[in-house]
Amino acid sequence: MSIRIGILGYGNLAKGVESAIMQNDDLELAAVFTRRNPASVSIRTAGVPVLSQDAAADMKDSIDVLVICGGSATDLPVQTPKYAEMFNVVDSFDTHANIPVHFANVDAAAKKGGKIGLISCGWDPGMFSLNRLYMNCILPEGRDYTFWGKGVSQGHSDAVRRIEGVIDARQYTIPVDAAVESVRKGENPELTTRQKHTRECFVVAEEGADLARIEREIKTMPNYFDEYDTTVHFITADEMKKDHSGLPHGGSVIRSGVTGIDKEHTHVIEYSLKLDSNPEFTGSVLAAYARAVARMSKEGRTGAVTVFDVAPVYLSPSSPEEIRAHLL
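Before going into details, it helps to say that this report is about the structure given with it. Predicted model only: the values in this text are computed from it and were never measured.

## Section: the sheet that holds strand β10 (residues 197-205)
Working step 1: Taken in spatial order, the four strands line up as β8-β9-β10-β11 in an open sheet, and their pairing is mixed. One side of each edge strand has no neighbouring strand; the edge strands of this open sheet are β8 (151-152) and β11 (229-234).
Working step 2: In this sheet, β10 lies alongside strand β9 (residues 166-175) in antiparallel orientation, the contact comprising nine bridges. Of the residues in β10, the one forming a bridge with Arg 170 is Phe 202.
Working step 3: Sitting on the sheet, helix α5 (residues 154-161) is in contact with β8, β9 and β10, with an inclination near 145° to β9.
Working step 4: The sheet contacts of helix α8 (residues 211-219) involve β9, β10 and β11, and relative to β11 the element is tilted by about 150°.

So, in structure tokens, the structure goes:
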């Protein structure tokens, strides 16, 4: 019997989840819920209803896991606890500093409803988080480094688009090659924020807009650009559509550590990703963890969990025997 998946929201991430479901024979898309007019939303899976998010409660018994595809800033802090009372849920909450509070809120709601809620699932947090844990356990004496990109930061791009006079924008996060190579050599450098990444912005401005002001506002924006070396390019809408319509991303998490009685041996562990489509890859991670959540729920697990709490065997559609025979 297929695991029945519901999707809340239908933006880029939700489309990635839908695509991942199509690639997994044991997963089935049961419904898509939206706060838009359902009649205006066209999905790619034939025969699946698109419903108002207000109708979700009526389908509690028809969905095994609800994947919540809202934004971390304002959507998920409200949506995930709300729906965790009714459904087993998975979200991709990525505001690292607020994860403990979000976890506590989802934990209380899920336990109240007898459900399980997996939060902060994706590639960072998510797959990168797992690798940080593995690396720290194996090399307890060492240092972690995370490099993001080259790729489009959707949050930073949105921040630029909110500047007066900006029609559209894409912001690329780019690791500094010299910093990455130093880490890979096991040199354990002390790196500032500016030394690890640069930022590159491509901006379509309104006709007659003050380009110098826009560039200045970008480069001095607190929490986004002020700590980075940032380059701003002004381009046309046609150039934006032609050259910057995709959503690539990726990065590396690296740990450099030492072993030996005299700490004479240096080791470097690296896990890296190069993604053509950030939302499609993230959607694939969410789909695999939705499978795990459904299995854990059947075993009676309730409350909030993270990727740290999920055994790898729960992620696979294959049997434990097949996994041992072919992957161990």
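## Remarks on α8
Working step 1: Along α8, the residues classified as buried are Arg 213, Ile 214 and Ile 218. End-on, the buried residues of α8 take up no more than an arc of 135°, which puts them together on one face.
Working step 2: As for α8, its buried residues are in contact with α5, β9, β10 and β11.
Working step 3: Between the side-chain oxygen at the start of α8 and the backbone nitrogen of Ala 212 there is a gap of 3.2 Å, and the oxygen is on Asp 210.

## Topic: the sheet that holds strand β13 (residues 265-275)
Working step 1: The strand order β7-β12-β13 describes an open sheet built from three strands, whose pairing is antiparallel. Of all strands in the sheet, those bounded by a partner on one side alone are β7 (142-148) and β13. For this sheet, the mean angle separating the axes of adjacent strands, direction not counted, is 10°.
Working step 2: One ladder, built from seven bridges, connects β7 with strand β12 (residues 249-259); its direction is antiparallel. Bridge pairing in β12 links Asp 144 to Arg 255.

## Details of the pattern of salt bridges
Working step 1: Inspection of the entire model under this criterion finds 20 salt bridges.
Working step 2: In this structure, Asp 64 and Arg 4 form a salt bridge, with 3.1 Å as the shortest nitrogen-oxygen distance. With Asp 64 in the loop between β3 (50-52) and β4 (65-68) and Arg 4 in strand β1 (residues 3-8), this pair connects stretches of sequence that are 60 residues apart.
Working step 3: Exposure remark for Asp 64: the relative accessible area of 22% places this residue in the partly exposed category.
Working step 4: In this structure, Arg 162 engages Asp 158 in a salt bridge whose closest nitrogen and oxygen atoms are separated by 2.7 Å.

## Comments concerning the pairing of β11
Working step 1: In this structure, β10 lies alongside β11, joined through six bridges in parallel fashion. Bridge assignment links Val 203 to a residue of β11, and that residue is Phe 234.
Working step 2: With respect to chirality, the unit in which β10 leads through α8 into the neighbouring parallel β11 is right-handed.

## Some details on the nonpolar core
Working step 1: Counting residues in hydrophobic clusters, the biggest one holds 44 residues, and the most contacted among them are Ile 7, Ile 43, Val 90, Leu 118, Cys 121 and Tyr 289.
Working step 2: Listed by contribution, the elements that provide at least two residues to this core are β1, α1 (12-22), β2 (27-34), β4, β6 (116-118), α4 (127-138), β13 and α10 (278-298).
Working step 3: With nine residues, the single largest contributor to this core is α10.
Working step 4: Here Ile 43 is in contact with Tyr 10, Glu 18, Leu 29, Val 32, Val 48 and Val 50, once residues within four sequence places are set aside.
Working step 5: Within the second largest apolar cluster, 22 residues are counted, among which are Ala 31, Met 59, Leu 76 and Ala 109.

## A closer look at the packing of α1 against α10
Working step 1: Packing of α1 against α10 brings their axes to within 7 Å, and their N-to-C directions diverge by 55°. Between α1 and α10, the interaxial angle falls into the category oblique. The crossing of α1 and α10 is right-handed. On α10, the residues that touch Asn 12, Leu 13, Gly 16, Val 17 and Ala 20 of α1 are Pro 279, Glu 280, Thr 282, Gly 283, Ser 284, Leu 286 and Ala 287.
Working step 2: Its residues placed into classes, the contact of α1 with α10 shows six nonpolar, five polar and one charged.

## A closer look at the side chain of Asp 107
Working step 1: Looking at the element boundaries, Asp 107 is found in helix α3 (residues 99-113).
Working step 2: Sequence-distant contacts of Asp 107, that is, excluding residues within four places in its chain, are made with Gly 303 and Ala 304.

## Focus on the state of the cysteines
Working step 1: Inspection of the entire model under this criterion finds zero disulfides.
Working step 2: In this structure Cys 121 is a free cysteine whose sulfur lies 11 Å from that of Cys 69, the closest cysteine sulfur available.
Working step 3: Using a relative accessible area of 1% as the deciding quantity, one classes Cys 121 as buried.
Working step 4: No disulfide involves Cys 137; its sulfur sits 19 Å from the nearest other cysteine sulfur, which is in Cys 121.

## Details of the packing of aromatic side chains
Working step 1: Across all of its chains, the model carries three aromatic pairs by this definition.
Working step 2: Aromatic pair Phe 128 and Tyr 271: ring centres 5.9 Å apart, planes at 85°, arrangement edge-to-face. One end of the pair, Phe 128, is in helix α4; the other, Tyr 271, is in strand β13, with 143 residues separating them in the sequence.
Working step 3: Using a relative accessible area of 22% as the deciding quantity, one classes Tyr 271 as partly exposed.

Here is what the cut-offs are and how they apply
- Within each chain, residues carry numbers counting from 1 in the order of the written sequence.
- Only residues with pLDDT of 70 or above have their local features reported here, since the model is predicted, and side-chain atom pairs are shown and tallied only from 80 upward, although totals for entire chains, interfaces and linings are computed over all residues.
- Note that the side-chain values use all heavy atoms of the structure and ignore hydrogens as well as water.
- Pairing between two strands requires that DSSP report at least two bridges joining them.
- Runs of E in the DSSP output that reach at least two residues are strands. Runs of H or I that reach at least four are helices, and both are numbered from the N terminus.
- Contacts between residues were defined by any pair of non-hydrogen atoms, one from each residue, lying within 4.5 Å.
- Every axis corresponds to a line fitted to the C-alpha atoms, with the helix fit spanning only the stretch in contact, and the corresponding angles, defined between N-to-C directions, vary from 0 to 180 degrees.
- The buried label applies to any residue whose accessible area, calculated with a 1.4 Å probe on protein chains only, is under 20% of its type's maximum; exposed applies above 50%, and partly exposed to all values in between.
- Note that the arc is defined by the directions from the helix axis to the C-beta atoms.
- Under the rule applied, a polar contact is a pair of N or O atoms within 3.5 Å (in protein, one hydrogen donor and one hydrogen acceptor; residues adjacent in sequence only if both atoms are side-chain atoms).
- What counts as a salt bridge is simple: a side-chain nitrogen of Lys or Arg found within 4 Å of a carboxyl oxygen of Asp or Glu.
- We call a crossover right-handed when, viewed with both strands directed away from the observer, the connection leading from the first strand over the helix to the second proceeds clockwise.
- Nonpolar cores were defined as sets of buried Ala, Val, Leu, Ile, Met, Phe, Trp, Tyr and Cys residues, with membership established by side-chain atoms within 4.5 Å.
- Angles are sorted into four bins: roughly parallel if under 35 degrees, roughly antiparallel if over 145, roughly perpendicular if 65 to 115, and oblique for all others.
- Helix crossings fall into two classes, left-handed where the near helix is turned counterclockwise from the far one by less than a right angle and right-handed where it is turned clockwise.
- Side-chain classes are defined by residue name, with Ala, Val, Leu, Ile, Met, Phe, Trp, Tyr, Cys and Pro counting as nonpolar, Asp, Glu, Lys and Arg as charged, and the others, Gly among them, as polar.
- Here, two cysteine sulfur atoms that lie within 2.5 Å of each other are counted as a disulfide.
- Here a pair means two rings of Phe, Tyr or Trp (six-membered ring of Trp) with centres within 6.5 Å. Their orientation is stacked below 30 degrees between planes, edge-to-face above 60, and tilted elsewhere.

No statement about biological role is implied by the geometric values presented.
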